[in-house]
Amino acid sequence: MTTTDVDVAANLATVRARIEAAAAEAGRDPAGVTLIAVGKAQPLERLEAALAAGQRVFGENYVQEAAGRWPALRERYPDVAVHMIGALQTNKAKEAVALFDAIQTVDRPRLAAALAKEMARQQRQVAVFVQVNTGEEPQKAGVMPAEADAFIAACRSEHALRVDGLMAIPPADEDIALHTAFLAKLAARNGLEKLSIGMSDDYEAAIRFGATHVRVGSAIFGARPRRDA
Ligand SMILES: *Cc1c(COP(=O)(O)O)cnc(C)c1O
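*Asks:* What should I look at first to understand the side chain of Ser-196 in this one?
*Replies:* The residue Ser-196 is located in strand 7 (residues 194-196) in this model. Ser-196 sits in the buried class, given a relative accessible area of 0%. Separated by 2.6 Å, the side chains of Ser-196 and Gln-104 make a polar contact.

*Asks:* In this structure, what is going on with the packing of aromatic side chains? I would like to understand it.
*Replies:* When we look at a pair of aromatic rings, we describe it by the centre distance and by the angle of the planes. Within the structure shown, the criterion is met by 1 aromatic pair. Centre to centre, the rings of Phe-58 and Trp-70 are 4.9 Å apart; their planes meet at 50 degrees, and the pair counts as tilted. Pair noted here: Phe-58 is in strand 2 (residues 57-60) and Trp-70 is in helix 3 (residues 63-76), with a separation of 12 residues, a long-range link. In terms of burial, Phe-58 and Trp-70 fall into one category: buried.

*Asks:* Would you explain the pairing of strand 6 (residues 163-167) in this entry?
*Replies:* Counting buried positions over the 5 residues of strand 6 gives 5, a clear majority of the element. Sheet topology places strand 5 (residues 127-131) next to strand 6; 4 bridges connect them, and they run parallel. Across the sheet, the residue bridging to Val-128 is Val-163, located in strand 6. Traced from strand 5 through helix 6 (residues 145-157) to strand 6, the parallel crossover comes out right-handed. Alignment of strand 6 against strand 7, held across 3 bridges, turns out to be parallel. Bridge assignment links Met-167 to a residue of strand 7, and that residue is Ser-196. For the segment spanning strand 6, helix 7 (residues 176-189) and strand 7, crossover handedness is right-handed.

*Asks:* Sorry, what's going on with the site of the ligand here?
*Replies:* Inspection of the region around the ligand gives Val-38, Lys-40, Asn-61, Ile-85, Ile-169, Met-199, Ser-200, Arg-215, Val-216, Gly-217, Ser-218 and Arg-224 as its neighbouring residues. Here Lys-40 contributes a side-chain N or O atom positioned 2.8 Å from an oxygen atom of the ligand. In isolation the ligand exposes 390 Å². Once the protein is present, 90% of that is buried.

*Asks:* For this particular structure, what's the right way to read the layout of surface pockets?
*Replies:* With a probe scaled to a water molecule rolled over the atoms, the places where space remains empty come into view. Reported here for the largest pocket is a volume of approximately 510 Å³. Approximately 150 Å³ is the volume found for the second largest pocket. Listed by contribution, the elements that provide at least two residues to the lining of the second largest pocket are helix 1 (8-25) and strand 1 (34-38). For the lining of the second largest pocket, the element with the most residues is helix 1, which contributes 3 residues. Residues belonging to the lining of the second largest pocket are distributed by class as follows: 5 nonpolar, 2 polar and 2 charged.

*Asks:* Explain the pattern of salt bridges to me, please; I cannot follow it from the model alone.
*Replies:* Side-chain pairing between opposite charges can occur once the charged atoms of the two side chains come close. Here the structure, examined in full by the defined rule, presents 14 salt bridges. Glu-48 is paired through a salt bridge with Arg-76; the nearest N and O atoms lie 2.8 Å apart. Remark: Arg-76 occurs in helix 3 and Glu-48 occurs in helix 2 (residues 44-52); sequence separation between them is 28 residues. Taking relative accessible area as the criterion, Glu-48 reaches 23% and is therefore assigned partly exposed. Residue Arg-76 is classed as partly exposed on the basis of its relative accessible area of 47%.

*Asks:* Quick question: what am I supposed to make of unusual backbone geometry here?
*Replies:* A positive phi angle is found at Glu-136, which is not glycine, with a value near 50 degrees. Counting through the fold element by element, Glu-136 comes out in the loop between strand 5 and helix 6. With a relative accessible area of 52%, Glu-136 lands in the exposed category.

*Asks:* Help me out: how do you make sense of the pairing of strand 1 in this one?
*Replies:* The side chains of a regular strand alternate between both faces of the sheet. Strand 1 sits mainly inside the fold: 4 of its 5 residues count as buried. With 4 bridges connecting them, strand 1 and strand 8 (residues 213-216) associate as parallel partners. Of the residues in strand 8, the one forming a bridge with Ile-36 is Arg-215. Here 2 bridges tie strand 1 to strand 2, and the two strands are oriented parallel to one another. When the sheet's bridge partners are listed, Ala-37 is paired in strand 2 with Phe-58. Viewed along the sheet, the connection from strand 1 through helix 2 into strand 2 turns out right-handed.

Conventions used here
- The written sequence of each chain sets the order in which its residues are numbered from 1.
- A pLDDT threshold of at least 70 governs which residues receive local features in this predicted model, and a stricter bar of 80 or more applies before side-chain atom pairs are shown or counted, although totals over entire chains, interfaces and linings include all residues.
- The side-chain numbers reported here are obtained from all heavy atoms of the structure, hydrogens and water having been left aside.
- Here a helix means four or more residues in a row that DSSP labels H or I, a strand means two or more in a row labelled E, and each is numbered from the N terminus.
- Residue exposure (1.4 Å probe, protein chains only): buried if accessible area is under 20% of the type maximum, exposed if over 50%, otherwise partly exposed.
- Under the rule applied, a polar contact is a pair of N or O atoms within 3.5 Å (in protein, one hydrogen donor and one hydrogen acceptor; residues adjacent in sequence only if both atoms are side-chain atoms).
- Each aromatic pair joins two rings of Phe, Tyr and Trp (for Trp, the six-membered one) with centres within 6.5 Å, and gets the label stacked for planes under 30 degrees apart, edge-to-face for over 60, and tilted for any other angle.
- Following DSSP output, two strands are said to pair if at least two bridges run between them.
- The handedness rule is simple: strands pointing away from the viewer, and a clockwise path from the first strand over the helix to the second, make the crossover right-handed.
- It suffices for a single heavy atom of a residue to lie within 4 Å of a molecule or strand for the residue to be listed as near it.
- All accessible-area figures derive from a Shrake-Rupley calculation using a 1.4 Å probe, and residue coverage is judged against the displayed protein chains alone.
- In this analysis the probe radius is 1.4 Å and the grid spacing 1 Å, with only protein atoms considered; a cavity is a set of points the probe fits into but cannot get out of, a pocket is an open set with protein on both sides within 12 Å along at least five of seven lines, and lining residues have an atom within 4 Å of a point.
- Grid points are joined across faces, edges and corners, and a volume is the space filled by probe spheres set on the points.
- When residues are sorted by character, Ala, Val, Leu, Ile, Met, Phe, Trp, Tyr, Cys and Pro go into the nonpolar class, Asp, Glu, Lys and Arg into the charged class, and all the rest, Gly among them, into the polar class.
- Here, a salt bridge means any side-chain nitrogen of Lys or Arg that lies within 4 Å of a carboxyl oxygen of Asp or Glu.

Given below as structure tokens:
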């Protein structure tokens, strides 16, 4: 199969139009919203279709999967930016620093320290987002809201990380507006401008409440095929 069964270019155009409309409705400049195309578990040809359609910012959830595709794709598209949006194990810090332009899932001191050490060793500055568990769900990653200010401060002062923003994956059954507003407040009092929140089902609402980075997968690439297929 040379072309994809999903019309990625058409889906991208739709998502971009909706982003512009949501931004306009909120009185925001659409240029202030970055669309991150989330390619996890998607066939390579769907990513290639997005690249061909001009998409340049991507999100990946797994170090191994990203390592298998982005070094080659970067040779053809040197201007891509790849954000790590999945859970990151400390022992993958070295590979992650080499692979990604931003790591959105920094949520614990050991990971912050490992990333800082690798950035110094590789002389490569990677943007960092602190992941906040805004829903306070015990099984989910992210620093708890009550500990977020102290953790952001420690990332900066103890690890000399350049913290660019905050990221959250709110509970699917809760109103995204509340989580986005909370994240925006936390960001403002810490001098952070980037808010990564909103997925296929709720990115427009997230934009209305201040999201600057929306992570959209299935609305662009279609349903994810089974990982073991
Ligand atoms: C998979 C994933 C997304 C995209 O989800 P869709 O519902 O397919 O848009 C966004 N953010 C994170 C952290 C994800 O793991």
